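The primary structure of each chain is shown beneath.
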Amino acid sequence: REDEMSELILALLTWIVGQTGLAMPPPPRVVLQSAEQMNERMFGSTDGSDVRALYDRKEAIVYLRNDWNAADLRSRASLLHELVHHVQAFNKVPARCPAELELQDYHLTLKWLREQGVQNPYAFMGIDEFTVRVLSTCPE
């Protein structure tokens, strides 16, 4: 399973680098955690949102929920999204705030999903263009 994960990470990083022209980073560490641990890490509380994946820029760690499944397209898309953050951090992509980096993340995730045959990647991800804009806007 660890070999499969390493191969998948390398394939996704290669795709991201090919799309962005950014330099290839070394693979991040990947840590599986419970839904409660993920919510605690993101929000400081064990209840609330349905956090599936996170990236820690300081430690270069991708956190995935322990129910993450390589065979599931949604799971792979969440990993891809966090790997975009990893590539951005490694390349020190400039941004006025962390939210600004989300726009590239979402655009690449949507493009990748289309390449996987998803007709409507916004619906697949349960998001819309307006929400992507809001999530990628720096607070004033």
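Scroll up for the structure.
One structure accompanies this document, and this report is about it. Here the structure is a predicted model, which is why all the values come from computation and not from measurement.

1. Observations concerning helix α1 (residues 2–20)
Here α1 is 19 residues long and its end C-alpha atoms lie 27 Å apart, about the 27 Å a rise of 1.5 Å per residue gives. Considered for burial, the residues of α1 that qualify are Met5, Leu8, Ile9, Leu12, Leu13, Trp15, Ile16 and Val17. Packed against the buried residues of α1 are β1 (29–33), β3 (61–65), α3 (73–90) and α4 (102–115). Once α1 finishes, Gly21 follows within two positions and takes phi at roughly 75°, a positive value.

2. Notes on the packing of aromatic side chains
Enumeration over the complete set of coordinates arrives at zero aromatic pairs. The ring of Phe124 carries Arg74 above its face, with NZ or CZ at 4.1 Å from the centroid.

3. Quick look at the environment of Gln88
Here Gln88 is to be found in helix α3. With a relative accessible area of 1%, Gln88 lands in the buried category. Taking C-alpha positions, Gln88 is 9.7 Å from Thr20, a pair spaced 68 residues apart along the chain. Once residues lying within four places of it in the same chain are set aside, the contact partners of Gln88 are Arg57, Val93, Leu101, Gln104 and Asp105.

4. Things to note about the pairing of β3
Extensive coverage of β3 is indicated by the burial of five of its five residues. Here β3 shows two buried faces, one formed by Ile61, Tyr63 and Arg65 and the other by Val62 and Leu64. Where strand β2 (residues 53–56) lies against β3, four bridges are found, and the strand directions are antiparallel. From the neighbouring strand, Ala53 faces β3, where its bridge partner is Leu64. In sequence, β2 turns back onto β3 through a hairpin of four residues, with Ala60 there showing a positive phi of about 55°.

Scoring rules and cut-offs
Residues numbered from 1 in each chain as written. Predicted model: local features only at pLDDT ≥ 70, side-chain atom pairs only at ≥ 80, totals over all residues. Heavy atoms only, no water. Helix = DSSP H or I, 4+ residues; strand = E, 2+ residues; numbered from the N terminus. Expected span 1.5 Å × (residues − 1). Buried < 20%, exposed > 50% of the residue type's maximum accessible area, 1.4 Å probe, protein only. Contact = heavy atoms within 4.5 Å. Phe/Tyr/Trp six-rings, centres within 6.5 Å; stacked < 30°, edge-to-face > 60°. Lys NZ or Arg CZ within 6 Å of the ring centre and 35° of its normal. Pairing = 2+ DSSP bridges.

Everything listed is a geometric property; what it means functionally is a separate question.
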